[in-house]
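# Commentary on secondary and tertiary structure
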Amino acid sequence: MSTEGNWFHPVDPSPDASIRLFLLPHAGSGAIIYRDWESLLPPDIAAQAVTLPGRHNRREEQTYENFWPLLDALHEAVLGDLDERPFAFFGHCLGAQLAFRLAIKMEAEGGPAPVMVGMSGWSPVGFFQPTEEQSRMPEPELVEWIKKLGSFPAEIYDNPEMLALVVPALRADLRVAGDYEDDGAGVTCPLASYGGRSDPLQEAPDAMTHWAGRTPAYLGHNEYEGGHFYIDTHAQAVTAHFAHRLQRTVAKAAGQGKN
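Residues numbered from 1 in each chain as written. Predicted model: local features only at pLDDT ≥ 70, side-chain atom pairs only at ≥ 80, totals over all residues. Heavy atoms only, no water.

Our focus in this paragraph is the packing of aromatic side chains. Within this structure, the stated rule accounts for 19 aromatic pairs. Summarising the aromatic geometry, the rings of F22 and F87 are spaced 6.2 Å apart at their centres and angled 80° between planes, so their arrangement reads as edge-to-face. Here F22 is found in strand β2 (residues 19-24), whereas its partner F87 is found in strand β4 (residues 87-92), with 65 residues between them in sequence. For the residue pair F22 and F87, the accessibility class agrees, reading buried in each case. Aromatic side chains Y224 and Y230 sit 5.6 Å apart centroid to centroid with 5° between the ring planes, which places their arrangement in the stacked category. You'll find Y224 and Y230 in the same group, each marked buried. Put simply, the rings of F67, W68, F100, W122, Y180 and W211 pair up and form one aromatic cluster. Directly above the aromatic system of W7 lies the positively charged group of R58, at a separation of 4.3 Å from the ring centroid. (Phe/Tyr/Trp six-rings, centres within 6.5 Å; stacked < 30°, edge-to-face > 60°. Helix = DSSP H or I, 4+ residues; strand = E, 2+ residues; numbered from the N terminus. Buried < 20%, exposed > 50% of the residue type's maximum accessible area, 1.4 Å probe, protein only. Lys NZ or Arg CZ within 6 Å of the ring centre and 35° of its normal.)

Next up, the structure:
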C-alpha cells in the first residue's frame, strides 16, 4: 500500500500558530471540504486537512478498503508530522470515525495525543453504517443516493469525468466505514460533537447523546439547521465554536502544566 503522497494540506502548518488542527473529511472526499476553514479559524490555530490515498493529488495511489489498516497508516503519517505544539482532531462522518479511533490509539500508546477532538455527522451508536452490498451499488443508484445527501457540488453529478474520479474513492470509503465495529471505547481528552438537525444518516434520535459516555470531559453537542452536510453552510459557526473551546482547553492544560 503506497504512502508516498502528501497526507496533509497545506503540507506545512503555519509556523506562527501555537495550536495545530488536523481535519478529516467525509467518505469519498478530501481536503477540499475544509477549503474555507483556514480563513475562518483564528491565526493561532494552524489547520491541515487530510487527503486519503486514491483521491485528489493522491488519486494514483491505491485506496484502503478496511478500517484498521487505514487507521494505522494515518496514525503513522500524523506521528511523522507532529512537532512540539499541542494538536487536535476534527472529523466529519468517516472523518469523525477516524479521528475518534486515532485519538483512542494515541492515548493508549502513551505518546503524543490530541488535546481535543471534534465529532461531526457521526456517532458510534445510532448512525447509518454502510454494508458491503451498498458499497457495490450500481453507479446510477450510488450517484442518486449521494445526490440526495448533498455530498458533492452539483456540477459533479452531470460530469462523467468528475464522477469517474469520485465514485471509486467513495466506494472504498463506504467499505472502510462498514468495516468498523463499535467496542464502547472512549477517550480521556475533551470531545465536542456537532450535527445537522435533519441528518438522514442519523438513524436514532438520541444518537449524538452517546458521545457523553465516551469521555469524562464531554463539551456538549451543537446542532444546526440542515442535513448531513449542514457543515457546508454552517462552517463559520462550527469553526468559531470549536476554535473557542480548543483555545480554552489548551490554555487550561498549559495552566495545569505550570502548577
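With an omega dihedral of -5°, the bond running from H9 to P10 counts as a cis peptide bond. Phi is positive for H56, which is not a glycine, with a value near 50°. Taking the relative accessible area as the measure of exposure, H56 reaches 33% and is therefore partly exposed. Located in the positive-phi region is C93, a residue other than glycine, with phi close to 60°. Mapped onto the secondary structure, C93 falls in the loop between β4 and α3 (94-109).

For the structure shown, the criterion picks out 14 salt bridges. Residue E61 is joined to R58 by a salt bridge in which the shortest nitrogen-to-oxygen separation is 2.8 Å. Accessibility assignment for this pair places E61 and R58 in one class, buried. Connected through shared salt-bridge partners, R20, D81, D83 and R85 make up one network. (Salt bridge = Lys/Arg side-chain N within 4 Å of Asp/Glu carboxyl O.)

Here the focus is helix α5 (residues 139-149). Listing the buried residues of α5 in full gives L142, V143, I146 and L149. Taken around the axis of α5, the buried residues stretch over an arc of 120°, which confines them to a single face. Looking at α5, the residues exposed on the side facing more than 90 degrees away from the buried face are P140 and K148. Turning to α5, the residues buried within the fold contact α4 (132-135) and α6 (160-178). Phi for G150, located one or two positions after α5, is positive at around 75°. (Arc of directions from axis to C-beta. Contact = heavy atoms within 4.5 Å.)

Another point: the packing of helix α2 (residues 67-81) against α3. Relative orientation of the contacting elements α2 and α3 amounts to 65°, with a least axis distance of 10 Å. The two elements α2 and α3 cross, and the hand of that crossing is right-handed. Mapping the contact onto sequence places F67, W68, L70, L71, D72, L74, H75, V78 and L79 in α2 and Q97, L98, R101, L102, K105, M106 and E109 in α3. (Axes fitted to C-alpha atoms, helices over the stretch in contact; angles between N-to-C directions. Left-handed = near helix turned anticlockwise from the far one by under 90°.)

In this section: the side chain of E61. Locating E61 in the fold gives a position in the loop between β3 (45-50) and α2. Given the relative accessible area of 13%, E61 is considered buried. Polar side-chain contacts of E61 include one of 2.8 Å to the side chain of R58. (Polar contact = N/O pair within 3.5 Å; in protein donor to acceptor, adjacent residues only side chain to side chain.)

This paragraph deals with the sheet that holds strand β7 (residues 218-224). Strand order in the open sheet formed by 7 strands is β1-β3-β2-β4-β5-β6-β7, with mixed pairing between adjacent strands. Because the sheet does not close on itself, it has two edges, and the strands there are β1 (8-9) and β7. Inspection of the sheet shows strand β6 (residues 191-196) paired to β7 by 5 bridges, in the parallel sense. Counterpart to L191 in the pairing with β7 is Y218. In the packing of α3 onto the sheet, contacts are made with β2, β4, β5 (117-120) and β6, and the angle to β4 comes to roughly 150°. (Pairing = 2+ DSSP bridges.)

It is worth stressing that arrangement in space is one thing and function is another; only the former is reported here.
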